[in-house]
Amino acid sequence: MRILLDENLNWRLRNDLPGHEVESVPLLGWAGIQNGELLRRAADAGFDVLITMDSNMRHQQDLGRFRIALIALRAHSNRIEDTRPLMPRVLKLLKSLKPGTLAVVE
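All residue numbers refer to positions counted from 1 along the written sequence of the respective chain. Residues qualify for local features only when their pLDDT is at least 70, as the model is predicted, and side-chain atom pairs are given and counted only at 80 or more; totals for whole chains, interfaces and linings, by contrast, use all residues. Excluding hydrogens and water, the side-chain values take into account all heavy atoms of the structure.

1. A closer look at the overall build of the chain
- Check the secondary structure of the chain and you find five helices and five strands.
- Each helix is a run of H or I in the DSSP string that is no shorter than four residues. Each strand is a run of E no shorter than two, and both are numbered from the N terminus. Listed by position from the N terminus, the elements making up the chain come as β-β-α-α-β-α-β-α-α-β.
- Our radius of gyration looks at C-alpha atoms and nothing else; its globule reference is 2.2 Å times the residue count to the power 0.38. Scaling as 2.2 N^0.38, a compact globule of 106 residues should have a C-alpha radius of gyration of about 13 Å, and the chain matches this with 12 Å.
- Looking at the 106 residues of the chain, the share that counts as buried comes to 44%.
- In this analysis, two residues are considered to be in contact whenever any of their non-hydrogen atoms come within 4.5 Å of each other. For the chain, long-range pairs separated by at least 24 residues make up 54% of all intrachain contacts whose partners lie at least 6 apart in sequence.
- Each accessible area value is a Shrake-Rupley result obtained with a 1.4 Å probe; residue values ignore everything except the protein chains displayed when judging cover. Carbon and sulfur atoms make up 46% of the accessible area of the chain, which totals about 5600 Å².
- Taking the average place of the 15 positive charges on the side chains of the chain and the average place of its 13 negative ones, the gap between the two points comes to 4 Å. Relative accessible area decides the class of each residue, using a 1.4 Å probe on protein chains only: under 20% of the type maximum gives buried, over 50% gives exposed, and in between gives partly exposed. Neither His nor the chain termini are counted; the positive set is Lys and Arg, and the negative set is Asp and Glu. For charged residues, the charge sits on one atom: NZ in Lys, CZ in Arg, CG in Asp, CD in Glu.

The following block contains the structure:
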């Protein structure tokens, strides 16, 4: 599965998602791109999932029109120490995600 980490997450989280191809928004040079454009660009590039800390994205975008799933993390902060413990739940969730849907991992 191709996974994109949003710019609000540490790129080193890709080490916690073994067996998947994981990229980061800043490492691709996509930092600063607005959410709708980011979802479109990620889907067009063949990503299956966007992982973000931006839980408001579901209110700002019609996710059903994008061929990508969204996982919103809810943690104390976006520091890797706070988000890394959520990765085992993300790994389990990846098996059942469908494009155009949102899942929240707390």
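2. Focus on the pairing of strand β4 (residues 69-73)
- Burial within β4 is extensive, with five of its five residues counted as buried.
- Neither face of β4 is left uncovered, since the one carrying Ala69, Ile71 and Leu73 and the one carrying Leu70 and Ala72 both have all their residues buried.
- Bridge count for strand β3 (residues 49-52) against β4 is four bridges, and the pairing is parallel. Across the sheet, Thr52 pairs through a bridge with Ala72, a residue of β4.
- Here four bridges tie β4 to strand β5 (residues 102-105), and the two strands are oriented parallel to one another. Counterpart to Leu73 in the pairing with β5 is Val105. Here, a strand pair is defined by DSSP locating no fewer than two bridges between the strands.

3. Remarks on the environment of Pro26
- Along the chain, the position of Pro26 falls in helix α1 (residues 25-28).
- Overall, Pro26 belongs to the partly exposed group, its relative accessible area being 40%.
- Separated by 53 residues in the primary sequence, Pro26 and Arg79 place their C-alpha atoms 16 Å from one another.
- Beyond its immediate stretch of four places on either side in the chain, Pro26 contacts Glu7 and Ala31.

4. Topic: helix α2 (residues 35-44)
- Within the span of α2, buried status applies to Asn35, Gly36, Leu38, Leu39, Ala42 and Ala43. Projected down its long axis, α2 carries its buried residues within an arc of 165°, all on one side.
- Of the residues trailing α2, Gly46 is marked for its positive phi of about 90°. Note: the arc covers the axis-to-C-beta directions of the helix.

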